[in-house]
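Observations on chain architecture
Listed below are the residues making up each chain.
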Amino acid sequence: MAFYIWHKEIILERTFVMVKPDGVQRGLAGNVIARFEAKGFKLVGLKLVSVSRELAEQHYGVHKERPFFGSLVEFIISAPVVAMVWEGKGAIASARKLIGATNPLESAPGTIRGDFGVDIGRNLIHGSDAEETAKSEIALWFSEDELASWEPCSTPWLYE
Ligand code: IDP
Ligand code: MG
């Protein structure tokens, strides 16, 4: 996806971000949303989801042979999550930077996991790791009509 400001083409990406049950329970969903907004990304999808076992297993399918798979699925279905789609220039890699390293003890201060987490099994948030996974995760979690088409008035103040 792309748009133009004057004659410059801006390539837009969409990424799937989920505040996990620990983040919702701890009242940090608003803080996460605020960080993505403040960065300059555009919210195109947002919902609170009580995740089914099937959806959790599909979402984390790539990890199904890992020893933590069972407890990860139990954790994700244990309480609601906030599922989101964010859009912007470089959104996939940038979201991963805002989120921080998988193990919160190794995430830099200033990142979401670095500021709020301690344990790898309670690391607050998920973000797609590449273009292909972003595409498949958005399709897994959202139907087309749940994604809003809109233009923030901030666009010309964010993009040259
Ligand atoms: P990511 O969320 O940073 O992309 P992945 O390696 O894809 O990290 O792992 C997916 C999720 O699985 C992690 O966010 C974390 O919740 C959980 N996880 C990963 N490694 C471990 C582990 O060694 N023990 C417990 N949970 C883990
Ligand atoms: Mg991952």
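Residues numbered from 1 in each chain as written. Chains lettered and ligands numbered in written order. Predicted model: local features only at pLDDT ≥ 70, side-chain atom pairs only at ≥ 80, totals over all residues. Heavy atoms only, no water.

As summarised here, the arrangement of the 4 strands in space is β4-β5-β3-β6, forming an open sheet in which the pairing is antiparallel. In this open sheet, the two edge strands, each paired with only one partner strand, are β4 (42–49) and β6 (125–127). Geometrically, the sheet is characterised by an average inter-axis angle of 15 degrees between neighbouring strands, direction not taken into account. Pairing of β4 with strand β5 (residues 81–88), which is carried by 7 bridges, proceeds in the antiparallel orientation. Opposite Lys42, over in β5, you have Glu87 as the bridge partner. The sheet contacts of helix α2 (residues 29–39) involve β3 (13–19), β4, β5 and β6, and relative to β5 the element is tilted by about 5 degrees. Its contacts with the sheet put helix α5 (residues 91–99) on β3, β5 and β6, and the angle it makes with β3 is roughly 30 degrees. (Pairing = 2+ DSSP bridges. Helix = DSSP H or I, 4+ residues; strand = E, 2+ residues; numbered from the N terminus. Axes fitted to C-alpha atoms, helices over the stretch in contact; angles between N-to-C directions. Contact = heavy atoms within 4.5 Å.)

Here we come to the packing of aromatic side chains. What the rule picks out here adds up to 3 aromatic pairs. Where Phe16 meets Trp141, the ring centres are 5.1 Å apart and the plane angle is 25 degrees; that geometry is what we call stacked. Taken together, the positions of Phe16 in strand β3 and Trp141 in helix α7 (residues 131–141) put the pair 125 residues apart, joining distant regions of the chain. In terms of burial, Phe16 and Trp141 fall into one category: buried. (Phe/Tyr/Trp six-rings, centres within 6.5 Å; stacked < 30°, edge-to-face > 60°. Buried < 20%, exposed > 50% of the residue type's maximum accessible area, 1.4 Å probe, protein only.)

Those residues of α2 that sit buried are Ala29, Val32, Ile33 and Phe36. The arc that holds the buried residues of α2, viewed along the axis, is 95 degrees, so those residues lie on one side. In the stretch just after α2, Gly40 is the one whose phi turns positive, near 120 degrees. (Arc of directions from axis to C-beta.)

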